Amino acid sequence: MTLSLEKLQQVVQNATAFRCRLELQPAGGRGTKVFPPTYEGGLYAIEERRLPNDANPVRCVLLDSVQSQANRMEDALQQAVDRNRLTLPIIEVDFTRYFPGTDLAENLRLIEPIGKVSSLQAPHRIVDAILRDSLVDENGSQKAFRSANPKHESTYGKRLREASARNATPLFELCPTALLFGMWDSTGPKGGLGAKVERALVSEIIGINAVLGAKTSSRIDPLGIQLKAGPLYKTPEDAPFGWTLTPEKAVIKTNKSKTGKEEKGPAKLGEDGRPSEANHGNVTPSISKRDRDGAYLGGGVTIEVAEQTIVLSLPALRRLRFPLNGRHDDHVDAAAQTVLAALGLCAAVLAAEAGLDLRSRCLLWPTEPLRWEILGKPGHIEADLSLSAEAAVDLFNAAVTEAKKLGLPWLDQPLRLTPSDDLVKLVVKSQHLAKSKTNEGDE
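The model shown is predicted, which means the values in this text are computed figures rather than measured ones.

*Asks:* Help me understand the overall build of the chain in this model?
*Replies:* What the chain contains, in helices and strands, is 10 helices and 24 strands. In the chain, which comprises 443 residues, the share counted as buried stands at 42%. The long-range fraction of contacts in the chain, counting pairs at least 24 apart against all pairs at least 6 apart in sequence, stands at 69%. Surface summary for the chain: the accessible area is close to 24,300 Å², and the carbon and sulfur share equals 50%.

Right under this line is the structure:
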């Protein structure tokens, strides 16, 4: 079964959801290890779940969270935009001129390029602090994109203040993905009273019947450098290497002696000048630590099978309203809701096309094609709906064309913002701190 625009319009207004359940296996084959995401303390997200055909709860591990899946789908959309496969409203903050920025003050020069950060890449989409703390050109002057003070705020920001589920038109025009993946404008001018939109598209990947593995580590230095070959001393920044064995070439550091007296001397590299501080020498073979229950930390898992579940909630989309000039029109609402549904299908299909290389040592392979079900009237499921990437893009473009005919606003070209000087200075300072490693332990 294929999906036409007419069919999609009917489904959006009458059905409950599009659903896809996809079986996956490690690319290395059944029984090979995969590595889930780790959380605080090096832990994996493991829980018991009730699954079909299993009388007892089954031990499952999270392989890719809902938030991560949303980011991957947004990245797939960004790549499609970059390759001119589709046009989508996007807001970009452009850091390009700040690297190398030789004509700028030193505290405005990035030491690593950032390029552009779009609303598809910013963690909180259109309401992210990166966009909020940037400027937009309006009528020949620069205004803050968002500001607590309306006097300094752009017209875009003022319209976003009024956004809600019953007035989703500003978000539809500027960042429709926020209506699909959800957002909360909690850091905007209205604080906790800012617009909140629930997530309509949910995707997750779990590993079923998970067994924890052990992680080993070692390093054999081909040079055979020994611990007692040190100590290594820290050299000035203009030296070719960061260390030396010659104390006279080292930077001078003031230390307190055991008697409390201040003494100057050559600074050792790192804590104690061991060769390993310069990444030389052997690393003793070891096995990963265990948690309080005796399970290995960070050693990956073997699983019976992995499963990806994608659900696009149509009631969530139907709750959104899109007034034009203050007036509600059911036809306009339906057209915008259809665009969002098409965008959701497009995002999921493009992400699947990009592959499931989730992280190092976690490449998954679908054992079957991506097929959708339509959950219609109670107890009625339309199954075996297939949708290629090109068909999904065509469907999305057709839905956008129909929405525009009804007067719905749609940003065809990226809205470009300039980061504020203070934001750039904050980034520059952070880059310098990261380079010198003095911010270890900070976020």
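Read on, since the account is not over.
*Asks:* Got a minute to help me understand the sheet that holds strand β5 (residues 116–118) in this structure?
*Replies:* The strands that make up a sheet are held in pairs by hydrogen bonds between backbone atoms, and each pair lies either parallel or antiparallel. The strand order β5-β4-β24-β6-β7 describes an open sheet built from 5 strands, whose pairing is mixed. Single-partner strands in this sheet number two, and they are β5 and β7 (141–144). Neighbour-to-neighbour, the strand axes of this sheet turn through a mean angle of 40°, independent of strand direction. In the sheet, strand β4 (residues 91–94) pairs with strand β24 (residues 415–419) via 3 bridges, with the strands oriented parallel. The partner of Ile91 across the bridge, within β24, is Leu415.

*Asks:* Whenever I open this one, the side chain of Glu74 confuses me. Can you help?
*Replies:* Topologically, Glu74 is positioned in helix α2 (residues 66–82). Note on Glu74: relative accessible area 1%, which makes it buried. Not counting the four nearest positions on each side in its chain, Glu74 is found in contact with Ser119, Leu120, Arg125, Thr177 and Phe181.

*Asks:* What's the story with the pattern of salt bridges in this structure? I'm lost.
*Replies:* Where charged atoms from two side chains of opposite charge approach closely, those side chains can pair. On inspection of all chains with the given rule, the structure shows 25 salt bridges. Two residues, Asp64 and Arg72, come together in a salt bridge whose shortest N-O distance is 2.6 Å. The buried category is assigned to Asp64, whose relative accessible area is 1%. Across the pair Arg85 and Glu353 runs a salt bridge whose closest N-O atoms are separated by 2.9 Å. Linking Arg85 in the loop between α2 and β4 with Glu353 in helix α8 (residues 330–354), this pair joins segments that are 268 residues apart in sequence. You can call Arg85 partly exposed: its relative accessible area is 24%. Using a relative accessible area of 47% as the deciding quantity, one classes Glu353 as partly exposed. Among the charged side chains, a network of salt bridges with common partners joins Arg146, Glu153, Arg161 and Asp185.

*Asks:* Just to check I follow, could you spell out the packing of aromatic side chains for this structure?
*Replies:* The geometry of an aromatic ring pair is captured by the separation of the ring centres together with the interplanar angle, meaning the angle of the planes. Applying the stated criterion across every chain yields a total of 4 aromatic pairs. An angle of 70° between the planes, with centres 5.6 Å apart, marks the rings of Phe172 and Phe322 as edge-to-face. Of this pair, Phe172 sits in helix α5 (residues 169–174) while Phe322 sits in the loop between α7 (314–318) and α8, placing them 150 residues apart in sequence. Taken individually, Phe172 and Phe322 each receive the classification buried, so the pair is uniform in this respect. An aromatic cluster of three or more residues is present, and its members are Phe172, Phe322, Phe396 and Trp410.

*Asks:* What should I look at first to understand the pairing of β7 in this one?
*Replies:* Put simply, side chains in a regular strand alternate between the two faces of the sheet. In terms of strand pairing, strand β6 (residues 134–138) meets β7 through 4 bridges, oriented antiparallel. Considered in β7, the bridge of Glu138 is made with Ser141. Here β6 folds back onto β7 in antiparallel fashion, the turn holding 2 residues, of which Asn139 has a positive phi close to 50°.

*Asks:* Just checking my understanding: could you explain helix α10 (residues 421–436) for this structure?
*Replies:* The α-helix winds at 3.6 residues per turn, so residues separated by three or four positions along the chain end up facing the same way. For α10, built from 16 residues, the straight-helix expectation of 22 Å at 1.5 Å per residue is met to within 8% by its first-to-last C-alpha distance of 23 Å. Within α10, the full set of buried residues consists of Leu423, Val424, Val427, Val428 and Gln431. Projected down its long axis, α10 carries its buried residues within an arc of 135°, all on one side. Facing away from the buried surface of α10 by more than 90 degrees, the exposed residues are Asp422, Leu426 and Lys429. Those residues of α10 that are buried are in contact with α3 (129–132), β6 and β24.

*Asks:* What exactly am I supposed to notice about the nonpolar core here?
*Replies:* One broad trend across soluble globular proteins is that nonpolar side chains are buried collectively. By size, the foremost hydrophobic cluster in this structure holds 109 residues, and its most contacted members are Phe18 and Ile126. Looking at this core element by element, the count peaks at 15 residues for α8. For Phe18, the residues in contact, after removing those within four places along its chain, are Leu3, Leu8, Val11, Ile310, Val311, Leu312, Leu314, Leu345, Trp372, Glu373, Ile374 and Leu385.

*Asks:* I keep staring at the packing of α2 against α8 and nothing clicks. Help me out?
*Replies:* What describes two packed helices is the angle between their axes and the distance between those same axes. It is at 8 Å that the axes of α2 and α8 come closest, and there the two elements cross at 90°. Here α2 is positioned roughly perpendicular relative to α8, judged by the angle of their axes. Where α2 approaches α8, its residues Arg72, Met73, Ala76, Leu77 and Ala80 are matched on the opposing element by Leu343, Ala347, Ala348, Leu350 and Ala351.

Calculation criteria
Residues numbered from 1 in each chain as written. Predicted model: local features only at pLDDT ≥ 70, side-chain atom pairs only at ≥ 80, totals over all residues. Heavy atoms only, no water. Helix = DSSP H or I, 4+ residues; strand = E, 2+ residues; numbered from the N terminus. Buried < 20%, exposed > 50% of the residue type's maximum accessible area, 1.4 Å probe, protein only. Contact = heavy atoms within 4.5 Å. Areas by Shrake-Rupley, 256 points an atom, 1.4 Å probe, with all protein chains shown as cover. Pairing = 2+ DSSP bridges. Axes fitted to C-alpha atoms, helices over the stretch in contact; angles between N-to-C directions. Salt bridge = Lys/Arg side-chain N within 4 Å of Asp/Glu carboxyl O. Phe/Tyr/Trp six-rings, centres within 6.5 Å; stacked < 30°, edge-to-face > 60°. Expected span 1.5 Å × (residues − 1). Arc of directions from axis to C-beta. Core = buried A, V, L, I, M, F, W, Y, C linked by side-chain atoms within 4.5 Å. Parallel < 35°, antiparallel > 145°, perpendicular 65-115°, else oblique.

From the geometry alone we can't say anything about function, so treat these as descriptive.
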